Amino acid sequence: QQQVKQSPQSLIVQKGGIPIINCAYENTAFDYFPWYQQFPGKGPALLIAIRPDVSEKKEGRFTISFNKSAKQFSLHIMDSQPGDSATYFCAAKVTGANNLFFGTGTRLTVIP
Amino acid sequence: DVKVTQSSRYLVKRTGEKVFLECVQDMDHENMFWYRQDPGLGLRLIYFSYDVKMKEKGDIPEGYSVSREKKERFSLILESASTNQTSMYLCASSPTGREQFFGPGTRLTVL
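In this report, we go over the structure that sits alongside the text. Worth saying up front: this structure is predicted, and the values here are computed from it rather than measured.

What follows is about the packing of aromatic side chains. On inspection of all chains with the given rule, the structure shows 19 aromatic pairs over all chains. A centroid spacing of 4.8 Å and a plane angle of 50 degrees characterise the contact between F33(A) and F66(A), whose relative ring orientation is tilted. Remark: F66(A) occurs in strand β7 (residues 62-67) and F33(A) occurs in strand β4 (residues 30-38); sequence separation between them is 33 residues. Both rings, one in Y36(A) and one in F102(B), keep their centres 5.8 Å apart while their planes meet at 80 degrees; by these two values the pair is edge-to-face. Linking Y36(A) in strand β4 with F102(B) in strand β10 (residues 101-102), this pair reaches from one chain into another. The exposure class assigned to Y36(A) is buried, which follows from its relative accessible area of 0%. In this structure an aromatic cluster arises from ring pairing among Y25(A), F30(A), F33(A), W35(A), F66(A), F73(A) and F101(A).

Have a look at this one:
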């Protein structure tokens, strides 16, 4: 059973567009929600993360929006570039635990 | 920079062989993880370890075992490889379980 549900599976946008990737969860014990970015041939790398006591976090062109009541969070990429083409994973961690639960990933393609 | 290295980038084995995948991290992290990555299924946790000689099962431990004899090294063992274990295997380490640092992965093909 997938603890974190991610959509869409793939996404194609034009350069300059704003792709949005969504994740949903049920477990209210989650207290940390990171997003990872993975380029072909590489392992995933932490991109940005949020805690549930804030509704938005911005780092450069990447923004996480968090809706605690809906148990949903999303990644927005402003002014997307071809170099943003990668697979993106959302994840969540239970309070006090040492492991993350990952979503199934979204393959983003940004067309020049 | 944190470095997580995996022993092989590509590996081809035959059904029934015993397979060892090695992972080494150089940042003295307490936690280490083994995942497999399959299209449409994302990253699924096989096993993790929060200390030397300690291990915890993840979501899909069946058919796998692990060994952590030293803090920097975490090995994944396929006792008798099967074709359904053909996959990308990713190792990660973390000081706290929050930010995880991943290796480049090992693409294992079992024929």
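Still more ground to cover, so stick around.
Looking now at the pairing of strand β5 (residues 42-49) of chain B. Residue and element names in this part refer to chain B. Most of β5 is tucked away, with seven of its eight residues classed as buried. Pairing analysis gives seven bridges linking strand β4 (residues 31-38) to β5, with the strands arranged antiparallel. Across the sheet, W34 pairs through a bridge with Y47, a residue of β5. Between β4 and β5, which pair antiparallel one after the other, the connecting turn spans three residues, and G40 there sits at a positive phi close to 80 degrees. In this structure, β5 lies alongside strand β6 (residues 56-57), joined through two bridges in antiparallel fashion. Bridge assignment links Y47 to a residue of β6, and that residue is K57. Linkage of β5 to β6, two consecutive antiparallel strands, is achieved through a turn of six residues, within which K53 is found at a positive phi near 70 degrees.

Criteria and cut-off values
Residues numbered from 1 in each chain as written. Chains lettered and ligands numbered in written order. Predicted model: local features only at pLDDT ≥ 70, side-chain atom pairs only at ≥ 80, totals over all residues. Heavy atoms only, no water. Phe/Tyr/Trp six-rings, centres within 6.5 Å; stacked < 30°, edge-to-face > 60°. Helix = DSSP H or I, 4+ residues; strand = E, 2+ residues; numbered from the N terminus. Buried < 20%, exposed > 50% of the residue type's maximum accessible area, 1.4 Å probe, protein only. Pairing = 2+ DSSP bridges.

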